[in-house]
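Descriptive structure summary
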Amino acid sequence: MKRIKYLLFFAALLLLIGVAHGQISYTGAVSAQRLNYYNNIKLGFENKAICPSDNSEIVITLAHDTSDQNSFLMFTKDGTDTIQIVEIQNFLITDFDIFQSFIFFCGKQTFLDTNAIGFIDYPSLFYGNTTINTWNIPSDISAGTLTKIRAYPTVDGFKIAAITSRHRFLDIDWVNQNVDVFFSDYKLNDLVVTEDHVSVLGTVSESQCVVFAHNKNSMQNYMGQIFGTQTKLENTNYLIEEMPGNGIYENFANGNQAIIAVVNDDLTDEFAIIDLHSLHVIDNFIVDTGLLRHTINDLCHDDNNYMIHCLSRDTIFKDYIYQPFPYMDTLTAVFPLYNPQLYYNLKTITPRNECFIAAGYGIGNTNNKAVYWFDAQVGNYSSSCMTTKSLVERIGGYFYAIGGCSYSSILNYPLEPSSVQSIKLPDDFYSYDCKD
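Criteria and cut-off values
Residues numbered from 1 in each chain as written. Predicted model: local features only at pLDDT ≥ 70, side-chain atom pairs only at ≥ 80, totals over all residues. Heavy atoms only, no water. Helix = DSSP H or I, 4+ residues; strand = E, 2+ residues; numbered from the N terminus. Buried < 20%, exposed > 50% of the residue type's maximum accessible area, 1.4 Å probe, protein only. Contact = heavy atoms within 4.5 Å. Pairing = 2+ DSSP bridges. Axes fitted to C-alpha atoms, helices over the stretch in contact; angles between N-to-C directions. Salt bridge = Lys/Arg side-chain N within 4 Å of Asp/Glu carboxyl O.

1. Quick look at the overall build of the chain
Looking only at helices and strands, the chain has two helices and 32 strands in total. Sorting the 436 residues of the chain into buried and exposed places 59% on the buried side. Long-range pairs, those at least 24 residues apart, make up 58% of the contacts in the chain with a sequence separation of at least 6.

Next up, the structure:
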């Protein structure tokens, strides 16, 4: 009976997925923007922004409050300066993903001190107060902190992939209420979902990383490969992102390629394109930023422009964004405009139509306010709101396969149903630091 109940619930969920969204015309402004939201937003948390794939006029952003007890999700549309805000009470969301019209999130229920995942369709979330279904991760997994989550379709419906701070990869079956836990010997940094694969990236050492490529419809069918490269900059993570494509990736030989990024100890950014069917290296290139010590904070694939956007931060010029793919000898890095009273700390980047959006927090005049910074059009950087710098890109040859790798064990656990409450807060408005 319990299984029938969840299957009926899942069928109802699929019926909701077709929710339609209104279209709002894009304003076209190049602008550095801050969110006038005066609840205490925690600085230092890695705020995240996502645009739904079926309606990129919508932007949804995540932040924490300073109590470290609650999370904020904020919703806005092109052509408006209004922000809708909900507070997820007693839940610290560490990452979220959007699948169709649903927000999937992971983190910790603070009143239970329990790792959990949850989901809700975002039209309902931003409409009013609501109860959100969550599932607790069993404590005997010793997961640490849930750090990344991705929801994806399968032949039977959908599933969720997540990684944790204690070397665990979670294959979560929402319908059957269980999770397969893959125990890794190495720190897991990132994950990505492609046409046929769920891929997990981990750090073996400063000069080696590991990639696991799982069959999306048979997750225990996987390959693992350790790759070597130049010694990476100390404390810099390896990152992975799916390659851009259009629809079913007809622009590429297949939809199962990923790009890996790392900052080397010679301060160059290295990128390798990996075929996830065979785990061999397709291409390798180096970007010489010439920008002192720095770290890559985020990558995103841009299906509209067939690009990879890279968000980095250094000790002098602060945040900068450039497109390492497709390969070009000369690249243009874009920097938000700074002054001694106002600057940003950007954490994530996501594409939308012909532009990208980066999210983070403000320091100086924007203290305690979440920040958005927009570029109006990819490749059009003639704006008084930003500065630019030329970068050099060259073909590399340092990224190479070393040998196979596997998980130390795989165990199955049941999920524990629970719930959290969201509270709709009063709408707020943007104010602009700069607008062209």
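Following the structure, the description resumes.
2. Here we look at the sheet that holds strand β10 (residues 146-154)
Pairing is antiparallel across the open sheet formed by five strands, whose spatial order is β10-β11-β12-β13-β31. Only two strands of the sheet have a single partner each, and these edge strands are β10 and β31 (409-414). Neighbour to neighbour, the strand axes of the sheet diverge by 20 degrees on average, direction disregarded. In terms of strand pairing, β10 meets strand β11 (residues 157-164) through eight bridges, oriented antiparallel. Bridge pairing links Pro153 to Phe158 in β11.

3. As for the pairing of strand β6 (residues 91-99)
The element β6 is extensively covered by neighbouring structure, given that eight of its nine residues are classed as buried. As defined by bridge partners, β6 adjoins strand β7 (residues 102-109) across eight bridges and the pair is classed as antiparallel. Note that in β7 the partner of Leu92 across the bridge is Lys108. Hairpin remark: β6 followed by β7, antiparallel, with two residues in the connecting loop; positive phi at Gln100, about 55 degrees.

4. Describing the pattern of salt bridges
Evaluation of the coordinates by the stated rule reveals eight salt bridges. A salt bridge links Asp427 to Lys424; its shortest N-O distance comes to 2.8 Å. Residue classification places Asp427 among the partly exposed residues on the basis of a relative accessible area of 41%. Owing to a relative accessible area of 22%, Lys424 belongs among the partly exposed residues under this scheme. Salt bridges sharing partners connect three or more residues here, namely Asp97, Arg150 and Glu242.

5. Quick word on the sheet that holds strand β30 (residues 400-404)
Across the sheet, which stays open at both edges, the five strands sit in the order β14-β15-β16-β17-β30 with antiparallel pairing between neighbours. Of all the strands in the sheet, just β14 (187-193) and β30 have a single pairing partner and so form its edges. Geometrically, the sheet is characterised by an average inter-axis angle of 30 degrees between neighbouring strands, direction not taken into account. Inspection of the sheet shows strand β15 (residues 197-205) paired to strand β16 (residues 208-215) by eight bridges, in the antiparallel sense. Bridging from a neighbouring strand, His197 pairs with Asn215 of β16.

Honestly, it's all geometry; don't read function into it.
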